[in-house]
Every structure is written in structure tokens, then in C-alpha cells.
Amino acid sequence: MAILTTRPRGTNDFLPEQTPRWQYLERTLLSTAALYGFGEIRTPTFEHTELFQRGVGDTTDVVSKEMYTFTDKGGRSVTLRPEGTAGICRAAIENGLLGDALPLKVSYVFNCFRYEKAQRGRYRQFHQFGVECYGAAGPQADAEILSLAWEGLQTLGLRELQLSVNSIGCPACRAEYHRALRAYFEDRREELCETCRERLEKNPMRILDCKSPVCGQIAAGAPRVLDYLCGDCRAHFERVQSLLRAAKIPFTVDAGIVRGLDYYTRTVFEISVPGFPALCGGGRYGGLCRQLGGPDVEGIGFAMGLERLLMVMEQQNCEFPQPPQCDLYIASMGEAAAQEAFRLTTLLRREGYAVECDLMGRSVKAQMKYANKLGALYSMVLGEAELEQGAARLKQMATGEEKPVPLGEAFFTAFEQEMHNGWFAAAAEAAEGLTR
Ligand code: AMP
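This write-up is about the structure you can find in this document. Please read these numbers as outputs of a predicted model, since none were measured by experiment.

## As for the layout of surface pockets
Item 1. One number sums up the size of the largest pocket: a volume of about 1,000 Å³.
Item 2. Contributing elements (two or more residues each) for the lining of the largest pocket: α3 (61–65), β6 (125–134), β9 (264–272), β10 (280–285), β11 (299–305) and α11 (306–315).
Item 3. For the lining of the largest pocket, a count of residues per class yields 21 nonpolar, twelve polar and 16 charged.
Item 4. Looking at the second largest pocket, it is lined by 23 residues, and the ones nearest its centre are Pro171, Arg174, Tyr264, Thr265 and Gly287.
Item 5. Of all the secondary-structure elements, those providing two or more residues to the lining of the second largest pocket are α6 (171–186), β9 and α10 (288–291).
Item 6. Across the lining of the second largest pocket, the residue classes break down as nine nonpolar, five polar and nine charged.

Structure follows, in C-alpha cells:
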């Protein structure tokens, strides 16, 4: 394998022709979050390994099998973040944000790293948009987070979205549930995968999330957590559901959703589109802040994978904004004209127009071919004659129509008028009138 020209497995290059779509996704999701009062936070790409072991839980697949962990030159173990919540919780504690007016509401878009078997929709470096809300323990916060996830995806124009919610209870009601699960899985211990046999001792709920098909089949018949909720957890979950109904956010209760990370309590949820792995997952976490040495405040949040979102949006033919186009290409012949082309190009860019001129020393014919390839709206050729006359011809590329324009200072006003509903637009309108 040509190591120098091959990217590491499970990573992607995002090329200039694709990035406008990424920027659109990020912009749309972050601004929807801003409408809900969430401000963007950015945390380091790597953290102390202990943060994830403690925060995410060392019985999870993410921590036990998938982390990118290495020892740095100072002999410390650091890990590329496999998810956002632990690092953000750390940052909130470290920067004293949990002592301020609560709730604290933050959003993020960044890359995450998991050493997974790379396949379509599953990468080793991927990107998540997510939010976290700290300090609000009541069901209202759950409903707000669910609403934000739902509306964010709606705003992108996705169809056939399915929101599934579940409650996995609090440590009190979960103790009894764990007992029931252990009893159930104990009977089929020999059939479970090796990791799940370990989980049976440490955290039997993780077995419900195992990716092995055999464990999955056994898990399908396991006791349901909803049957073990205590009174408070049950009331909380019912209130979340009634808030969702009030806001007309469609959902189903799915007792199979337990979420892969250790810190969740009560509400957990996923949003998916049939035929794809989950687009968005989230839930409430009770003990995380305290476990990391911070105040005892609850958090709730979600994360959605941008690669998967884009994949589904493209499959569903969702609309994307047009990428920015070249307003004007100034072709030139000879050194003096090239200098004038460069001068005009620079000044027009200062005015906010996307303008290009030749960098390759090509012939005018080749420059015009390139202008076509760029999809330039207008073009103009400068040569000795144009410089002498102080005038050139501005060409509308789509129609081939040309119009004389003065060079020098007067050019700017002429071009500006042209761009804002000028002569070509009027001519096109008139032509349309005639053919109607
Ligand atoms: P999780 O933290 O595992 O619930 O992941 C939240 C979201 O991130 C998922 O719903 C996916 O959209 C996305 N995601 C998780 N792992 C990957 C991965 N390896 N590749 C691409 N997207 C992922």
C-alpha cells in the first residue's frame, strides 16, 4: 500500500466540492441550538485517558475496545475523544460554569475517534453535533432536548424520522432490574460472548447493547426495564411523554433502547430513519458531574453523527444551498493587462465579489475555457486595445450577451449595477416577456 498517498482506514477527506454541505449542516444545527439558548463550546481533541474511563465507563465497548489511547512524550496516557459529553462535563467543572446561573446549555460540533471496524456509516474519525444541558433535573429539560434534536433534523428536511424514547430508571430502581437481568442471562451464560460474560458480573445492562447477533437474540427476550421503574422515574417518564405530545412531536416508546454509555439515567432516546443505523442518540445522566469531582448536577444531551446525517440527506434528495459561485472572471493578454486584471480583481474582492484572474499564464482561449469550468457569471477580456480605449466588454456567460463597460473607476459602478439587477437581468426579463 502506498502509505504516503493513502489515508488511514476509517477516515475521510472532505473535498472543497463537499464542504459547503458540511458547513450548511453545521450552521443549521448550531443556529437551531442557538434558538433554544445553547451557546457553542469547543474542547480539546484529546483528554486524560482516565476521564473517559471514569466518565464513559470501562465496561462499555467504546472504552474497553474502541479508544485511541497513547502515551505522550511526557509519559502520560491520553486519549482522542470517543464522544463529547465527558470532555464537556470536565470543561464545565474546570471553568466553574456549573456554579453560575443554571441551566448551562452548550452545543458543539467536532470530530470524535473510535477504533471500530470501518464500514459504511461507521468510521474511525467521525463528526458529531451535540448539545448538553446541565442543572435541570425535571422532565421539562428532557422535552426541550428531544424537541431540539427533532426540530434540528426537521429543519434539514429529513423525512421518515422515527423518535424512540425509553427510561432506564435511576440507580435505585435499576438495582432490582440488574438482579432480574442477571438471573435471566445467568441461565444462558454459555451462549454469551466473552465480553458479555464479564458484563454479567459488572453491568448486565451492557449486554442489551452488545453488537454480537447471538447476544442480541438472547437480549431480545430479557426483562424490560420499564417494568422495574420506581414511582418517581415512572412519573418523570410519563411527564416527558405528555410534553412531547403537547408539542406534537411524534415518538414511540422502545424498551430496547439502553444506550451504550454507562452514565445514563432515566430518559434515553434515539432518532433513526428506516434502513440506517441511528442518526442521533442521547439521554439524561445523573451521576457524571459528581463522579468527575464536580457538583451534583444532572445533565441531559444528545449527539448526532454528521457523516450519517449527510448520507441520509443525500439519499433522500434533501435540498442543499448552492455553493458560492464565481461572479466575474477577468481574462488578460500581456503583462500590462494582467496587472490591470489583478488590480481590478483585488478591488472587487474587497467589495465582496468572487472574482478570479489568470494564475497560469494561459492563452485567452484557455482562460475562457477555465472561466466556463468555474461557472463564472460574467467574464471580461483585457488586452492592449482595451487598456488603450479604457473600455472592455462584459460578457454574461449564460447567454453570451455582451455589453461595453468603462475601465478605471467607472468600472466598479457599472459592474455593481450589473450585478444588482442590471442590463442583462432586464434584457432577460424583456426576452421572457416576448416569448410568453
Ligand atoms: P453514540 O455516542 O454511540 O450514541 O453516537 C452518537 C451518534 O454518533 C450516532 O447516532 C451516530 O450518528 C454517530 N456515530 C457513532 N459512532 C460513529 C462512527 N463510528 N462513525 C460514524 N458515526 C458514528
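Next comes the rest of the description.
## A short note on the pairing of strand β7 (residues 162–167)
Item 1. Burial analysis of β7 places five of its six residues in the buried class, the great majority of the element.
Item 2. Relative to β9, β7 is paired through six bridges, and the arrangement is antiparallel. Along β9, the bridge assignment pairs glutamine 162 with serine 272.
Item 3. Sheet topology places β7 next to strand β8 (residues 252–253); two bridges connect them, and they run parallel. The partner of serine 164 across the bridge, within β8, is threonine 252.

## Some thoughts on the pattern of salt bridges
Item 1. Throughout the structure, instances matching the rule amount to 20 salt bridges.
Item 2. Across the pair aspartate 296 and arginine 290 runs a salt bridge, and its minimum N-O distance is 3.8 Å.
Item 3. The exposure class assigned to aspartate 296 is exposed, which follows from its relative accessible area of 52%.
Item 4. When the shortest N-O distance is used, the salt bridge between glutamate 340 and arginine 343 registers 3.0 Å. Taken together, the residues span about one helical turn, with glutamate 340 and arginine 343 both in helix α12 (residues 335–350) at a distance of three residues.
Item 5. Accessibility expressed as a relative area gives 31% for arginine 343, which makes it partly exposed.
Item 6. Salt bridges sharing partners connect three or more residues here, namely Glu47, Arg90 and Glu94.

## Comments concerning α11
Item 1. The element α11 is extensively covered by neighbouring structure, given that eight of its ten residues are classed as buried.
Item 2. Leu306, Glu307, Arg308, Leu309, Leu310, Met311, Val312 and Met313 are the residues of α11 that are buried.
Item 3. Considering only its buried residues, α11 is in contact with α1 (19–35), β5 (104–113), β6, α5 (139–155) and β11.
Item 4. Asparagine 317 sits one or two residues past α11 and shows a positive phi near 55 degrees.

## Section: unusual backbone geometry
Item 1. The omega torsion across leucine 102 and proline 103 is 5 degrees, close enough to zero to call that bond cis.
Item 2. Residue position: proline 103 is located in the loop between α4 (85–94) and β5.
Item 3. Even without a glycine there, the phi angle at glutamate 160 is positive, about 60 degrees.
Item 4. With respect to the helices, strands and loops of the structure, glutamate 160 is situated in the loop between α5 and β7.

## Some details on the site of the ligand
Item 1. Taken together, 14 residues surround the ligand, and among them Arg114, Glu116, Tyr123, Arg259 and Gly305 come closest.
Item 2. Tyrosine 123 has a polar backbone atom sitting 2.8 Å from a nitrogen atom of the ligand.
Item 3. Contact between the ligand and alanine 278: an oxygen atom at 3.1 Å from a main-chain N or O atom of the residue.
Item 4. For the ligand, whose accessible area on its own is 480 Å², the fraction buried by protein is 91%.
Item 5. According to the grid-proximity analysis, the pocket containing the ligand is the largest pocket.
Item 6. Of all the secondary structure elements, the ones that give two or more residues to the shell around the ligand are β6 and β11.
Item 7. For the shell around the ligand, the per-class residue count stands at six nonpolar, three polar and five charged.

## Describing the sheet that holds β10
Item 1. The sheet built from eight strands is open, its strands ordered β1-β5-β6-β11-β10-β9-β7-β8 with mixed pairing. At either margin of the open sheet sits one strand with a lone partner, and together these are β1 (39–40) and β8.
Item 2. Here β1 runs beside β5; their pairing, made up of two bridges, is parallel. Bridge assignment links glycine 39 to a residue of β5, and that residue is valine 106.
Item 3. Packing of helix α9 (residues 231–246) onto the sheet brings it into contact with β7, β8, β9 and β10, and relative to β9 it is tilted by some 30 degrees.

About the cut-offs
Residues numbered from 1 in each chain as written. Predicted model: local features only at pLDDT ≥ 70, side-chain atom pairs only at ≥ 80, totals over all residues. Heavy atoms only, no water. 1 Å grid on protein atoms, 1.4 Å probe; cavity = no way out; pocket = protein on both sides within 12 Å on 5 of 7 lines; lining within 4 Å. Points joined across faces, edges and corners; volume = space filled by probe spheres on them. Helix = DSSP H or I, 4+ residues; strand = E, 2+ residues; numbered from the N terminus. Nonpolar A, V, L, I, M, F, W, Y, C, P; charged D, E, K, R; others polar. Buried < 20%, exposed > 50% of the residue type's maximum accessible area, 1.4 Å probe, protein only. Pairing = 2+ DSSP bridges. Salt bridge = Lys/Arg side-chain N within 4 Å of Asp/Glu carboxyl O. Contact = heavy atoms within 4.5 Å. Near = heavy atom within 4 Å. Polar contact = N/O pair within 3.5 Å; in protein donor to acceptor, adjacent residues only side chain to side chain. Areas by Shrake-Rupley, 256 points an atom, 1.4 Å probe, with all protein chains shown as cover. Sits in = over half its atoms within 2 Å of the grid points. Axes fitted to C-alpha atoms, helices over the stretch in contact; angles between N-to-C directions.

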